[in-house]
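Here is what each chain is made of, one letter per residue.
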Amino acid sequence: MYAVIGHDEVDEILMRYNVPRHGETVLVFKEDTGVAAASLSMQEISTSSLRELIDSNKFLTLPRLSSQSVFDELCPVEVAKNKKRLCVTLVTDRHTEDAVHRDALRVFVQTGQVRSERVRFTYIYRDTQWEFVKSLVKDDNNINDTVLSIVILWRPAVNKIKYKWVETGWSAVPESRSKVNLEVAIRSVLNGSGELTRETLVKQLTDEHAKGTEFAPSIYLCSTGPGCSKGG
């Protein structure tokens, strides 16, 4: 959304998000539209600054593995074992009953209980990406109807994955101790005390949205000035 300061209906936005009245401001929102995930305020925002802000916030807090290109960007290949990048992925279905569990994992990420540039949290739809999921669960009984399965994986090669299931799974129910168990499992892999003992070859992910990828919407705000021509 593009808004020019000076209109009455914009005042509420300025107050809510503490936007300065002079210069230009960009607010980037993700799942929680009540809080800006990132912001940039300058007298005149350059194209390069705007591109950098958007590029660093183009994925949601808990993005879905919805295509091979998304998978490659969120869970890149890393050959070096001591620098391995971990992708913590919740296996879920589209139905509304699973939404509460996705929301709980999103809150877990937002609260920063595991902060590391080497860890990315995602989720995947079991039905649309079944060929990928099947390669991880073909010899397992981890998937069940009461607790969602969550897997920690590392890509040492383009089509090779080393992984482990978090034994207790993931649940939004506080009594399940999912948060504590997941944090312990991730930290053990990061510090080398826990191993990713399973290995498999995977096929490319199905492209669920050929016309585009998930991205974070933004609001562009400015006062009168040369930069206000941006956005139309």
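Starting afresh in each chain, residues are numbered from 1 along the sequence in its written order. pLDDT decides what is reported in this predicted model: residues at 70 or higher carry local features, side-chain atom pairs at 80 or more are listed and counted, and totals for whole chains, interfaces and linings draw on all residues regardless. Only hydrogens and water are removed before side-chain values are computed, so all heavy atoms of the structure are retained for them.

Re the packing of aromatic side chains
- Pairing of aromatic rings covers Phe, Tyr and Trp, the last through its six-membered ring, and needs centres within 6.5 Å; plane angles under 30 degrees mean stacked, over 60 mean edge-to-face, and all others mean tilted. Within the structure shown, the criterion is met by five aromatic pairs.
- When the ring of Tyr 17 is compared with that of Phe 29, the centres are 5.0 Å apart and the planes differ by 70°; the resulting orientation is edge-to-face. Linking Tyr 17 in the loop between α1 (8–16) and β2 (24–28) with Phe 29 in the loop between β2 and β3 (38–42), this pair joins segments that are 12 residues apart in sequence. Phe 29 shares its class with Tyr 17; the two are buried.
- When the NZ atom of lysine or the CZ atom of arginine is within 6 Å of a ring's centre and also within 35 degrees of its normal, the charge is said to sit over that ring. A cation over an aromatic ring shows up here: Lys 84 above the ring of Trp 154, its NZ or CZ 5.7 Å from the ring centre.
- Directly above the aromatic system of Tyr 123 lies the positively charged group of Arg 102, at a separation of 5.6 Å from the ring centroid. What counts as a helix is a DSSP run of H or I of at least four residues, what counts as a strand is a run of E of at least two, and both are numbered from the N terminus. Buried, partly exposed and exposed residues are distinguished by accessible area as a fraction of the type maximum, computed with a 1.4 Å probe on protein chains only: under 20%, between the cut-offs, and over 50%, respectively.

Considering the nonpolar core
- Take the buried Ala, Val, Leu, Ile, Met, Phe, Trp, Tyr and Cys residues and link them wherever side-chain atoms come within 4.5 Å; each set so joined is a nonpolar core. Leu 105, Phe 121, Leu 182 and Ile 186 are the most contacted members of the largest nonpolar core, which totals 23 residues.
- Of all the secondary structure elements, the ones that give two or more residues to this core are β4 (86–92), α4 (99–110), β5 (119–125), β6 (150–157) and α6 (178–190).
- We call two residues contacting when some pair of their heavy atoms lies within 4.5 Å. If we ignore the near neighbours within four places in the chain, the residues touching Phe 121 are Thr 61, Leu 62, Pro 63, Val 88, Leu 105, Phe 108, Val 109, Val 114, Leu 182 and Ile 186.
- Within the second largest apolar cluster, 20 residues are counted, among which are Phe 59, Val 133, Tyr 163 and Leu 205.

Structural notes on the pairing of β2
- Most of β2 sits inside the fold, with five of its five residues counted as buried.
- Bridge count between β2 and β3: five bridges; the pairing is antiparallel. Pairing of Thr 25 across the sheet is with Ser 41, part of β3. Pairing between strands requires that DSSP locate at least two bridges from one strand to the other.

Observations regarding the environment of Ala 38
- Mapped onto the elements, Ala 38 comes out in strand β3.
- Taking relative accessible area as the criterion, Ala 38 reaches 15% and is therefore assigned buried.
- Discounting chain neighbours no more than four positions away, the residues touching Ala 38 are Val 26, Leu 27, Val 28, Leu 53 and Asn 57.

Observations regarding the environment of Glu 208
- Of note, Glu 208 is situated in the loop between β8 (198–201) and β9 (218–222).
- The exposure class of Glu 208 is partly exposed, given its relative accessible area of 23%.
- Each C-alpha atom of the pair Glu 208 and Leu 65 lies 9.2 Å from the other, and the pair is 143 residues apart in sequence.
- Once residues within four sequence positions are removed from consideration, Glu 208 is found in contact with Arg 64, Leu 65, Ser 66, Arg 94, Tyr 125, Thr 128 and Gln 129.
- N or O atoms closer than or at 3.5 Å make up a polar contact, with two conditions inside protein: a donor-capable atom paired with an acceptor-capable one, and, for residues adjacent in sequence, both atoms drawn from side chains. A polar atom in the side chain of Glu 208 sits 2.8 Å from the side chain of Gln 129.

Observations regarding the sheet that holds strand β7 (residues 160–165)
- Pairing is mixed in the open sheet, where five strands are placed in the order β5-β4-β6-β7-β8. Of all strands in the sheet, those bounded by a partner on one side alone are β5 and β8. Averaged over neighbouring strand pairs, the angle between their axes works out to 35° when direction is ignored.
- Note: β4 against β5, seven bridges, orientation parallel. Residue pairing for β5: Thr 92 is matched across the bridge by Tyr 125. For helices, the fitted line uses only the C-alpha atoms of the stretch in contact; every axis is such a line through C-alpha atoms, and the angle between N-to-C directions lies from 0 to 180 degrees.

Focus: unusual backbone geometry
- For Asn 18, which is not glycine, the phi dihedral falls at a positive 55°.
- Position of Asn 18 among the secondary structure elements: in the loop between α1 and β2.
- Unlike most non-glycine residues, Arg 177 shows phi in positive territory, near 60°.
- Note that Arg 177 resides in the loop between β7 and α6.

A short note on α6
- By this rule the span expected of a helix is its residue count minus one, scaled by 1.5 Å. Given a rise of 1.5 Å per residue, 13 residues ought to cover 18 Å, and the 18 Å separating the end C-alpha atoms of α6 matches this to within 8%.
- By the burial criterion, the buried members of α6 are Ser 178, Leu 182, Ala 185, Ile 186, Ser 188 and Val 189. For α6, the arc enclosing every buried residue in end-on projection is 165°, short of the 170-degree limit, so these residues lie on one face.
- Just downstream of α6 lies Gly 192, where phi reads positive at about 90°. The arc in question is the one spanned by the directions pointing from the helix axis to the C-beta atoms.

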